Amino acid sequence: MADCCDMKEGDIFYCDVCGLELSVAKACTCTPGSDSNTCTVPLQCCGQEMKKR
């Protein structure tokens, strides 16, 4: 699962269905496990999770 806290600058994520590719230009600053500062939605496209290249 591609959550923003796992994404690092320079990582590329892609969609198996449509071929969309996203490059991380700046890493997220959220804190994993924190109730107030954590993103909770995985990176998705075409109804499925995007994969790291």
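Description of the structure in this document. (Residues numbered from 1 in each chain as written. Predicted model: local features only at pLDDT ≥ 70, side-chain atom pairs only at ≥ 80, totals over all residues. Heavy atoms only, no water.)

**With respect to the packing of aromatic side chains**
Here comes step 1: Taken as a whole and judged by the stated rule, the model has 0 aromatic pairs.
Here comes step 2: Over the face of the ring belonging to Y14 we find R53, whose NZ or CZ atom lies 4.3 Å from the ring centre. (Phe/Tyr/Trp six-rings, centres within 6.5 Å; stacked < 30°, edge-to-face > 60°. Lys NZ or Arg CZ within 6 Å of the ring centre and 35° of its normal.)

**Considerations on the environment of L43**
Here comes step 1: With respect to the helices and strands, the residue L43 is situated in the loop between β2 (21-23) and β3 (44-45).
Here comes step 2: On the accessibility criterion, L43 (22% relative accessible area) is partly exposed.
Here comes step 3: Sequence separation between L43 and A2 is 41 residues; the distance between their C-alpha atoms is 5.5 Å.
Here comes step 4: Those residues in contact with L43, other than ones at most four positions away along the chain, are A2, M7, F13, L22, Q48, E49 and M50. (Helix = DSSP H or I, 4+ residues; strand = E, 2+ residues; numbered from the N terminus. Buried < 20%, exposed > 50% of the residue type's maximum accessible area, 1.4 Å probe, protein only. Contact = heavy atoms within 4.5 Å.)

**A closer look at the pattern of salt bridges**
Here comes step 1: Here the structure, examined in full by the defined rule, presents 3 salt bridges.
Here comes step 2: In this structure, E21 and R53 form a salt bridge, with 2.8 Å as the shortest nitrogen-oxygen distance. A residue pair is termed long-range when its members are at least 10 positions apart, and E21 in strand β2 and R53 in the segment after β5 (51-52) qualify at 32 residues.
Here comes step 3: Looking at E21, the relative accessible area reads 44%, which means it is partly exposed. (Salt bridge = Lys/Arg side-chain N within 4 Å of Asp/Glu carboxyl O.)

**Let's talk about the sheet that holds β5**
Here comes step 1: Reading across from one edge, β2-β1-β5 is the order of the 3 strands in this open sheet, with antiparallel pairing throughout. The outermost strands of the open sheet, each flanked by one partner alone, are β2 and β5.
Here comes step 2: The pairing of strand β1 (residues 12-14) with β5 spans 2 bridges and is classified as antiparallel. Counted as the bridge partner of F13 is K52 from β5. (Pairing = 2+ DSSP bridges.)

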